[in-house]
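Summary of the model geometry
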Amino acid sequence: MEEISPGQEILSRSNIKTEGSESTLNRIRLAVALFYFGQGIAFASWASRIPDIKHTLNLSDGELGSILLALPAGQLLTMIISGRLVTRFGSKRILTITAPLYVLALTNLGLATAPWHLAAFLFLFGIVGNMCNISVNTQGSEAEKLLGRPIMTSFHGAWSIAGFTGALVGLLMINLHIVPYYHFWIIALLIFGNVTLNYKHLVPGRGVVSERKKKFVMPDWGLIQLGIIGFCSMATEGAMFDWSGVYFKDIVRAPSSLVILGYTSFMIMMATGRFIGDKIIARLGRKRTIQISGLIISAGMFLSVFLPYVLTATIGFMLVGVGVSSIVPTVYSVAGKNGKIAPGIAIAIVSSVSYFGFLLGPPLIGGISELSSLQYSYAVIGCFGLLVSFLVSKMSAIE
């Protein structure tokens, strides 16, 4: 792995602090947040039209499930490549290029007329989306350094709000009978405008590769630990995204009108937690915040498992939303400040390990449920919160 100066990503950070006013720093923060929002609404737009595209292509549940794997395959394939590109050329340049490409890849999804078309377009969507993900999180980390206080969770909060917005826009487009292709182009034009108006306000800098190079070495163990913590959180998120409705229907036995309550309560509290998480981190510190978050995840999961009633399960899912809200933003923030590896590569390493939680969490739920019950599956996921608290307590790199 190349040896890189930890401060190389931002060459003009001191100039910004010296010459820039508070309003300049706030403008940078807004620009970065809007890029997070752009990625969130693009992804949510795709998710909102999956049923329509499934129907158009006449796909079975099994066929759709197999095709959807193309997206994470594209993301995982380019994790480390994305980190190196961000390190070499700077997160501002990579984000400015890939953000428009991301929504162009989104519009392609509306052109699919055969299953293999959709798989190919999803693979491309995953590749470009991952490059956006690494570069925007590097921007978030650098903006946090500039402002000198925790702000990363609020950036992820912007992504969560974009998820709600994208779902509402998707519902509107469906009711207006607008086909996915034109829907996606409306989102694309919105993102093009966002990039045009805000790219100049991203954290400036460029990558500089050190002249000294080393052969590949194993990643820092601290980054792997951060990745495992992120894995536990993302596995929990995946379980909530994919199985909360089924849990409320089959285990809680909620009325049809309340089946969506678990997912909605989780999402609302996750978004809320991300907007208040920075203040909590500033007060308690990152380590204690993650420790408490892990315990809250377990408490919420176990409450919904041992008292599977509408009220108690809803409260439990709300607690899980609060618990997971700050973990991934915090581990990305810590990775970007590790001081040993360039921020883009460090975040890519942590993201690579963490993202397996999204991939393996939902199938793990299904497998355990097949052997026992969905209730016991959620109990296992509840143990992930305890693991998070244990791991972070052993880490000296997190303050």
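Every value quoted in this text rests on a predicted model; they were computed, and no experiment measured them. (Residues numbered from 1 in each chain as written. Predicted model: local features only at pLDDT ≥ 70, side-chain atom pairs only at ≥ 80, totals over all residues. Heavy atoms only, no water.)

Quick look at the overall build of the protein
- Across its full length, the protein carries 17 helices and 0 strands.
- On C-alpha atoms alone, the protein measures out to a radius of gyration of 21 Å, which is about the 21 Å that the 2.2 N^0.38 rule sets for 399 residues.
- Once the C-alpha set of the protein is aligned to its principal axes, its extents read approximately 60 × 50 × 45 Å.
- By residue count, 53% of the 399 residues in the protein fall in the buried class. (Helix = DSSP H or I, 4+ residues; strand = E, 2+ residues; numbered from the N terminus. Rg over C-alpha atoms; globule rule 2.2 N^0.38 Å. Buried < 20%, exposed > 50% of the residue type's maximum accessible area, 1.4 Å probe, protein only.)

Brief notes about helix α11 (residues 221-250)
- Along its 30 residues, α11 runs 41 Å from first to last C-alpha, staying within 8% of the 44 Å computed at 1.5 Å per residue.
- Considering bend angle alone, the principal kink of α11 is centred on Trp 243 and spans about 60 degrees. (Expected span 1.5 Å × (residues − 1). Bend = angle between axes of the 7 residues up to and from the residue.)

Side note on the packing of aromatic side chains
- Summed over the entire model, instances satisfying the criterion amount to 11 aromatic pairs.
- Between Tyr 102 and Phe 125 the ring centres are 4.6 Å apart and the planes differ by 0 degrees, which places this aromatic pair in the stacked class. Note that Tyr 102 is positioned in helix α7 (residues 91-109) and Phe 125 in helix α8 (residues 115-147), a separation of 23 residues in sequence.
- Residue classification places Tyr 102 among the buried residues on the basis of a relative accessible area of 7%.
- Three or more aromatic residues joined by ring pairs make a cluster, and in this case those are Tyr 247, Phe 248, Phe 317 and Tyr 378.
- Positioned over the ring face of Phe 89 is Arg 88, at 5.4 Å from the centre of the ring. (Phe/Tyr/Trp six-rings, centres within 6.5 Å; stacked < 30°, edge-to-face > 60°. Lys NZ or Arg CZ within 6 Å of the ring centre and 35° of its normal.)

Considerations on the packing of α11 against helix α16 (residues 343-371)
- In contact at an axis separation of 6 Å, α11 and α16 are set at 35 degrees when each is read in the N-to-C sense. Seen from above, α11 lies across α16 with right-handed handedness.
- Residues that form the contact of α11 with α16 fall into these classes: 20 nonpolar, 7 polar and 2 charged. (Axes fitted to C-alpha atoms, helices over the stretch in contact; angles between N-to-C directions. Left-handed = near helix turned anticlockwise from the far one by under 90°. Nonpolar A, V, L, I, M, F, W, Y, C, P; charged D, E, K, R; others polar.)

Some remarks on the nonpolar core
- Residues Trp 46, Leu 118, Leu 122, Phe 125, Leu 226, Ile 229 and Tyr 378 are the most contacted members of the largest nonpolar core, which totals 100 residues.
- In terms of residue count, the dominant contributor to this core is α11 (11 residues).
- Once residues within four sequence positions are removed from consideration, Ile 229 is found in contact with Ile 290, Ile 327, Val 331, Val 388, Leu 391, Val 392 and Met 395. (Core = buried A, V, L, I, M, F, W, Y, C linked by side-chain atoms within 4.5 Å. Contact = heavy atoms within 4.5 Å.)

So, the confidence of the model for the protein
- Across the protein, pLDDT averages 85, with 90% of residues at or above 70.
- Counting contacts from residues 1-14, a segment whose pLDDT is below 50, to residues more than four positions away or on other chains yields 47 contacts.
- Considering only residues more than four positions removed or in separate chains, one finds that residues 210-217, a stretch of pLDDT under 50, has 9 contacts. (pLDDT = per-residue confidence, 0-100.)

Brief notes about the environment of Ile 134
- Position of Ile 134 relative to the elements: it lies in helix α8.
- Sequence separation between Ile 134 and Gly 227 is 93 residues; the distance between their C-alpha atoms is 14 Å.
- When neighbours within four sequence positions are excluded, Ile 134 is seen to be in contact with Ser 82, Gly 83, Val 86, Gly 344, Ile 347, Ala 348 and Ser 351.

Thoughts on the side chain of Asn 130
- Locating Asn 130 in the fold gives a position in helix α8.
- Within polar-contact distance, the side chain of Asn 130 engages the side chain of Ser 82 at 2.8 Å.
- Excluding residues that lie within four positions of it along the chain, Asn 130 makes contacts with Gln 75, Thr 78, Met 79 and Ser 82. (Polar contact = N/O pair within 3.5 Å; in protein donor to acceptor, adjacent residues only side chain to side chain.)

Some points on a nonpolar patch on the surface
- A cluster of nonpolar residues, Ile 161, Phe 275, Ile 276, Ile 280, Leu 284 and Ile 292, forms a patch on the protein surface that exposes about 470 Å² of accessible area.
- Turning to its location among the elements, Ile 161 is positioned in helix α9 (residues 152-175).
- Residue classification places Ile 161 among the partly exposed residues on the basis of a relative accessible area of 34%. (Patch = residues over 30% accessible without salt bridge, like charges linked within 9 Å, V, L, I, M, F, W, Y side chains within 5 Å. Areas by Shrake-Rupley, 256 points an atom, 1.4 Å probe, with all protein chains shown as cover. Salt bridge = Lys/Arg side-chain N within 4 Å of Asp/Glu carboxyl O.)

Thoughts on helix α10 (residues 180-198)
- Relative to the 27 Å expected for 19 residues at 1.5 Å per residue, α10 spans 27 Å between its end C-alpha atoms, a close match to the ideal helical length.
- For α10, the set of buried residues is Pro 180, His 183, Phe 184, Ile 187, Ala 188, Ile 191, Asn 194, Val 195 and Asn 198. Each buried residue of α10 sits inside an arc of 140 degrees when the element is viewed along its axis, so together they form one side. Looking at α10, the residues exposed on the side facing more than 90 degrees away from the buried face are Tyr 182, Leu 189, Thr 196 and Leu 197.
- At its buried positions, α10 is contacted by α2 (22-48), α3 (50-56), α7 and α9. (Arc of directions from axis to C-beta.)

Here we look at the pattern of salt bridges
- All chains considered together, the criterion is met by 5 salt bridges.
- The salt bridge partner of Arg 274 is Glu 237, with a shortest N-O separation of 3.9 Å. With a gap of 37 residues between them, Arg 274 in helix α12 (residues 261-284) and Glu 237 in helix α11 connect regions that are remote in the sequence.
- Within the structure, one salt-bridge network assembled from shared partners comprises Glu 144, Arg 286 and Lys 337.

Considering the side chain of Thr 98
- Within the secondary structure, Thr 98 is located in helix α7.
- Apart from the residues lying within four places of it in its own chain, the contact partners of Thr 98 are Val 128, Met 131, Cys 132 and Ser 135.

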